[in-house]
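Chain by chain, the residues:
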Amino acid sequence: MITPQTIGNILYRDCKAAFDTDAVFVVVPGDNSDEIPDGEVTDERIVIHVKSQKPGTYWRKSFNEVNILVPRIQNRPDRIRCEQLEREAMEKLDGVTGRHDGSDYLYSVESIGTMTDDALNCEYVNARILFEVLNVK
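Residues numbered from 1 in each chain as written. Predicted model: local features only at pLDDT ≥ 70, side-chain atom pairs only at ≥ 80, totals over all residues. Heavy atoms only, no water.

1. Describing the sheet that holds strand β2 (residues 45-49)
Applicable threshold: Here a strand pair is declared whenever DSSP counts at least two bridges between the two strands. Under the DSSP-based scheme used, a helix requires at least four consecutive residues in state H or I and a strand at least two consecutive residues in state E, with every element numbered from the N terminus. Note on definitions: angles span 0 to 180 degrees between N-to-C directions of axes, and those axes are lines fitted to C-alpha atoms, for helices only across the stretch in contact. In what follows, a contact means two residues having at least one pair of non-hydrogen atoms within 4.5 Å.
With mixed pairing, the six strands of this open sheet are ordered in space as β1-β2-β3-β6-β5-β4. Edge positions in the sheet fall to β1 (24-27) and β4 (96-100), since each of these pairs with one other strand and no more. Taken over all neighbouring pairs, the strand axes of this sheet differ in orientation by 25° on average, direction set aside. Seen against the sheet, helix α1 (residues 4-18) touches β1, β2, β3 (59-71), β4, β5 (103-117) and β6 (122-134) and runs at an angle of roughly 65° to β5. Strands β3, β4, β5 and β6 of the sheet are contacted by helix α2 (residues 79-93), whose axis makes an angle of about 170° with β5.

So, in structure tokens, the structure goes:
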């Protein structure tokens, strides 16, 4: 069985390997974790927001957010790095299949874009991930 917590763990593992970083944080529904660093972004990090699953006839679906935060260089957006990360996210997070605990899953990039967070003094690549779990045996 794959639960939202499991989805967070799968995305954590895959993002950590795909982007070769230890700065990966997961937020699941109801989590009030203070694990994510506060204040201005000084190093790249990935924050994964896991959402609730919705049942379906064949697939249980959830839309999750993978945000890759990019610090500014001399108070200016690092657009070249953001473009690189958008391309990497499309390449490494789109059309991924696997099996966990007897359940098959598929996830893909539903949408992607770069956004600004002035409070954190950074830009971030936002990849909206559709995570589907096969609902039949």
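2. Notes on the side chain of N121
Note the threshold: Here a polar contact is taken to be a pair of N or O atoms separated by no more than 3.5 Å, where protein atoms must pair a possible hydrogen donor with a possible acceptor and residues adjacent in sequence count only if both atoms sit in side chains.
On the secondary structure map, N121 appears in the loop between β5 and β6. Among the polar contacts listed, one links the side chain of N121 to the side chain of E40, at a separation of 3.4 Å. Those residues within four positions of N121 in sequence are excluded, and the remaining contacts are E40, V41, P71, R72 and N75.

3. Here we look at unusual backbone geometry
Excluding glycine, most residues fall at negative phi; most peptide bonds, likewise, are trans. Rule in force here: Exposure categories follow from relative accessible area, calculated using a 1.4 Å probe and restricted to protein chains: below 20% of the type maximum is buried, above 50% is exposed, and the middle band is partly exposed.
The backbone of D20 sits at a positive phi, close to 50°, despite the residue not being glycine. Take D20: it is sitting in the loop between α1 and β1. Positive phi, normally seen in glycine, also occurs at Q74, with a value near 50°. Mapping Q74 onto the fold places it in the loop between β3 and α2. Accessibility expressed as a relative area gives 75% for Q74, which makes it exposed.

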